[in-house]
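Report on the structure
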There are 2 protein chains.
Amino acid sequence: MLKPLLALSALTASPVLAQTAAAPSPADAAPWDWQAIPDNQLLVMTLKGGHQVFIRLAPRYAPAHVANIRKLAEAHWWDGTSVYRVQDNYVTQWGGGDDKTTLPPAVIQNPPAEYEWARYDGVTTPARPDSYAAKTGHSADGWPVATDGKAAWLTHCYGMVGVARDLAPSTGSGAELYTVIGHAPRHLDRNIALVGRVVEGMQWLSALPRGGGALGVYENKAEHVPILSVRLATQLPEDERPHFQYRATDNARFAAWLGERENRKPPFFTVPAGGADICNAQAPVRRAP
Amino acid sequence: MLKPLLALSALTASPVLAQTAAAPSPADAAPWDWQAIPDNQLLVMTLKGGHQVFIRLAPRYAPAHVANIRKLAEAHWWDGTSVYRVQDNYVTQWGGGDDKTTLPPAVIQNPPAEYEWARYDGVTTPARPDSYAAKTGHSADGWPVATDGKAAWLTHCYGMVGVARDLAPSTGSGAELYTVIGHAPRHLDRNIALVGRVVEGMQWLSALPRGGGALGVYENKAEHVPILSVRLATQLPEDERPHFQYRATDNARFAAWLGERENRKPPFFTVPAGGADICNAQAPVRRAP
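Predicted, not measured: the structure shown is a model, and the values here were computed from it.

**Section: the pattern of salt bridges**
- The tally for this structure, following the rule as stated, stands at 26 salt bridges over all chains.
- Here A:R56 and A:D141 are joined by a salt bridge, their closest N and O atoms 3.7 Å apart. Note that A:R56 is positioned in strand β3 (residues 52-57) and A:D141 in the loop between β6 (135-138) and β7 (144-147), a separation of 85 residues in sequence.
- A relative accessible area of 4% means that A:R56 is categorised as buried.
- The partner of B:R231 in a salt bridge is B:D79, and the shortest N-O contact between them spans 2.6 Å.

Shown next as structure tokens:
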């Protein structure tokens, strides 16, 4: 861990590092590597204080759950609900909770269990093995995926968003969601529907006080963080819509980026790891310039 | 992710789960599996508001850095310093920073680089491969360790505490420390000295507002979280000393515990992972009953 003083100077003053930073790298994205995230795949949650959390949805992997989430947003269903659970090194959870259980008519109570599927669509593969799957990688559009050679699934990395559920056969409606705020709880993979990833504003969910109740549930209503609104970008006036881009991974430039994540460079790193687990190498997402 | 309502009832009311919880398991610790953490291996940091963070030190792995840390605590050197850096999904860092750079005379400016050593002392091994090392496991006294077959090292898991340093050959004095608050940054393994693990009070470091400056450094002094005191338990009056215990891992009961982490059970889990990376299976530490 660099000491900030030096780190800051390294980012600003140090001629050597400045040159390193300025030099073009085979890991640099080409302009066309940055692809727009469609408005109907972007969820905007506004919390008390106006803090906003932006979530990229994954309709390809969890179409029925994402369809529910879109209907809930369109019905303004989450407005007035809250963040009610924050468990350290695990998850932050929000939505209906015990305050609001009736769903809009169009929302399916228990969609199909969209936990895994047949076709693995990873196009990159980290250099070293994974502790949970035969193979992991990034889909062409940047989702972290894994396979055992038969089924494929999304992985529970930091910032991934999933659907809280009761015991099986419940699959969760999507009215209660959580995001990972600690070390990847990969044991949840294939047991729960992952529907997206927080692409900006994660700190408004990860830095909340931890709940004192069982499973990190806030013990007092006063601790709940009110959700002012949740909208799809498509519900916002065009000139108010945020625009994000994912970095395409099906190219040599991203492969080089992954290689650099796996082998960090001097002057700070003296021993390169030679690998990186999928959750320590999540594909970049950025605001559209 | 269980919905809290059901989860709470599961922890309290559900007869089925109640029976499961009550039934003795081969993964249960025997009374003698709980071993005392010595007073001179426990650091107590008190932050503004009286919030306390308890850190188990690892003198066996980083003797020179831990010797420095003991001298700094004995000199009350950290009193009046602050937590000045919180980078989301990475680290919280505290200590001298740019405010306080002169060390007590007995403290060595750059101890030997205690990043790895020759003897691997892991006594357990997760069922599946690791993404960073040939083998990982827990030492008999509960530290997460890894090896490539030649060298061995501690792993950067959530809550592990390391020594901030400048560029090599700096190894850091120990006056500036950090702890992991996100997904395990295993690329730091072997590049930096790990000296301990937060065993209680992690939320006082993980739930702090993220810093807006480069590398998560707080931009305004007003954001800094004052450190009121840092003491070794040996410096506290005997009747005020906190007492913690680690769970010994060199027994079949812990192996069964690890097996249960790797294969979570119904009714919630329908697909067991069949594995767990070392940072998703950290050995338990508890307050002495």
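**Details of the state of the cysteines**
All names here are of chain A.
- Counted under the stated rule, the structure contains two disulfides over all chains.
- In this model C157 forms its disulfide with C279; the gap between the sulfur atoms is 2.0 Å. Between C157 and C279 the sulfur-sulfur dihedral comes to about -75°; the bridge is accordingly left-handed. With C157 in the loop between β8 (152-154) and β9 (160-163) and C279 in the loop between α5 (252-262) and β14 (285-287), the pair connects residues that are 122 residues apart, well separated along the chain. One exposure class covers both C157 and C279, and it is buried.

**Details of the UniProt feature "domain: PPIase cyclophilin-type" (unreviewed entry) in chain A**
- Within this numbering scheme, the UniProt entry marks residues 50-229 of chain A as carrying the feature "domain: PPIase cyclophilin-type" (unreviewed entry).
- Spanning residues 50-229 of chain A, this segment combines 9% helix with 27% strand, and its end C-alpha atoms are found 10 Å apart.

**Thoughts on empty space enclosed by the protein**
- Scanning the entire structure with this criterion turns up three cavities of 30 Å³ or more.
- Reported here for the largest cavity is a volume of approximately 100 Å³.
- Classifying every residue of the lining of the largest cavity gives six nonpolar, four polar and six charged.

**Concerning the relation of the copies chain A and chain B**
- When chain A is fitted to chain B, the best match, at an RMSD of 0.0 Å, comes from turning it 180° and sliding it 0.0 Å along the axis. Expressed as a symmetry operation, the mapping of one chain copy onto the other fits a two-fold axis.

**Notes on the nonpolar core**
- Among the nonpolar cores identified, the biggest contains 36 residues, and B:V83 and B:W94 are the most heavily contacted of them.
- The contact partners of B:V83, leaving out residues within four places of it in the chain, are B:L47, B:T92, B:Q93, B:W94, B:L205, B:L208, B:Y218, B:H224, B:V225 and B:I227.
- Listed in part, the 35 residues of the second largest apolar core include A:L43, A:Y158, A:V198 and A:Y218.

**A short note on the interface of chain A and chain B**
- Between chain A and chain B, the residue contacts involve 65 residues of the former and 65 residues of the latter.
- Interface area for chain A against chain B, summed over the two sides, is near 5800 Å², with a carbon-plus-sulfur share of 60%.
- Taken together, the connections running from chain A to chain B amount to zero salt bridges.
- Where chain A touches chain B, the interface holds 31 residue pairs in polar contact (both at pLDDT 80 or more).
- For the side of chain A that touches chain B, the secondary structure elements donating two or more residues are α1 (4-12), β4 (82-86), β5 (91-95), β10 (176-180) and α4 (203-206) of chain A.
- It is α1(A) that provides the largest number of residues to the side of chain A that touches chain B, a total of six residues.

**Topic: helix α3 (residues 63-74) of chain A**
Residue and element names in this part refer to chain A.
- For α3, with twelve residues, the first-to-last C-alpha span of 16 Å sits near the 16 Å given by 1.5 Å per residue.
- Along α3, the residues that are buried comprise A64, H65, V66, N68, I69, R70, L72 and A73.
- Turning to α3, the residues buried within the fold contact β2 (42-47), β3, β9, β10, β11 (194-200) and β12 (225-232).
- One or two steps after α3, the chain reaches H76, where phi turns positive at roughly 55°.

**Remarks on the side chain of B:S82**
Residues and elements named next belong to chain B.
- Secondary-structure assignment places S82 in strand β4 (residues 82-86).
- Within the structure, the side chain of S82 is placed 3.0 Å from the side chain of H224, a separation counted as a polar contact.
- If sequence neighbours within four positions are ignored, S82 has contacts with W94, G95, H224, V225, P226 and I227.

**Here we look at the environment of B:D99**
- Topologically, B:D99 is positioned in the loop between β5 (91-95) and β6 (135-138).
- Along the sequence, B:D99 and B:L47 sit 52 residues apart, while their C-alpha atoms lie 17 Å from each other.

**Side note on the confidence of the model for chain A**
Residues and elements named next belong to chain A.
- Averaged over chain A, the pLDDT score is 93; the fraction of residues at 70 or greater is 93%.
- Segment residues 5-19 is flagged for pLDDT under 50; beyond a separation of four residues in sequence, or across chains, it makes eleven contacts in the model.
- Both confidence scores are given for the complex: pTM 0.95, ipTM 0.94.

**Some details on the sheet that holds β12(A)**
Residue and element names in this part refer to chain A.
- Within the closed barrel, the eight strands sit side by side as β2-β3-β11-β9-β10-β5-β4-β12. Their pairing is antiparallel. The average undirected angle you get between the axes of adjacent strands in this sheet is 35°.
- Where β2 lies against β12, five bridges are found, and the strand directions are antiparallel. Note that in β12 the partner of L47 across the bridge is I227.
- Contacting β2, β3, β9, β10, β11 and β12, α3 crosses the sheet at an angle of about 110° to β12.

**A closer look at the side chain of A:T249**
All names here are of chain A.
- Locating T249 in the fold gives a position in the loop between β13 (244-247) and α5.
- For T249, a relative accessible area of 2% translates into the label buried.
- If sequence neighbours within four positions are ignored, T249 has contacts with V123, T124, H138, S139, A140, G142, F254 and A283.

**What about the packing of aromatic side chains?**
- Taken as a whole, this structure holds ten aromatic pairs over all chains when the rule is applied.
- A ring pair is formed by A:F268 and A:F269, whose centres lie 5.2 Å apart and whose planes are at 85°; its orientation type is edge-to-face. For the pair formed by A:F268 and A:F269, the shared burial category is buried.
- A centroid spacing of 6.4 Å and a plane angle of 80° characterise the contact between B:W77 and B:W78, whose relative ring orientation is edge-to-face.
- We classify B:W78 as buried; its relative accessible area is 1%.
- Against the face of A:F268 rests B:R165, its NZ or CZ located 3.9 Å from the ring centre.
- For the cation-ring pair, B:R190 lies above B:W153, with the distance from its terminal atom to the ring centre recorded as 4.0 Å.

Calculation criteria
- Residues numbered from 1 in each chain as written.
- Chains lettered and ligands numbered in written order.
- Predicted model: local features only at pLDDT ≥ 70, side-chain atom pairs only at ≥ 80, totals over all residues.
- Heavy atoms only, no water.
- Salt bridge = Lys/Arg side-chain N within 4 Å of Asp/Glu carboxyl O.
- Helix = DSSP H or I, 4+ residues; strand = E, 2+ residues; numbered from the N terminus.
- Buried < 20%, exposed > 50% of the residue type's maximum accessible area, 1.4 Å probe, protein only.
- Disulfide = S-S within 2.5 Å.
- UniProt positions renumbered as here; feature names shortened; annotations may be inferred.
- 1 Å grid on protein atoms, 1.4 Å probe; cavity = no way out; pocket = protein on both sides within 12 Å on 5 of 7 lines; lining within 4 Å.
- Points joined across faces, edges and corners; volume = space filled by probe spheres on them.
- Nonpolar A, V, L, I, M, F, W, Y, C, P; charged D, E, K, R; others polar.
- Least-squares fit on C-alpha atoms with pLDDT ≥ 70 in both.
- Core = buried A, V, L, I, M, F, W, Y, C linked by side-chain atoms within 4.5 Å.
- Contact = heavy atoms within 4.5 Å.
- Buried area = accessible area lost by both parts, 1.4 Å probe.
- Polar contact = N/O pair within 3.5 Å; in protein donor to acceptor, adjacent residues only side chain to side chain.
- Expected span 1.5 Å × (residues − 1).
- pLDDT = per-residue confidence, 0-100.
- Pairing = 2+ DSSP bridges.
- Axes fitted to C-alpha atoms, helices over the stretch in contact; angles between N-to-C directions.
- Phe/Tyr/Trp six-rings, centres within 6.5 Å; stacked < 30°, edge-to-face > 60°.
- Lys NZ or Arg CZ within 6 Å of the ring centre and 35° of its normal.

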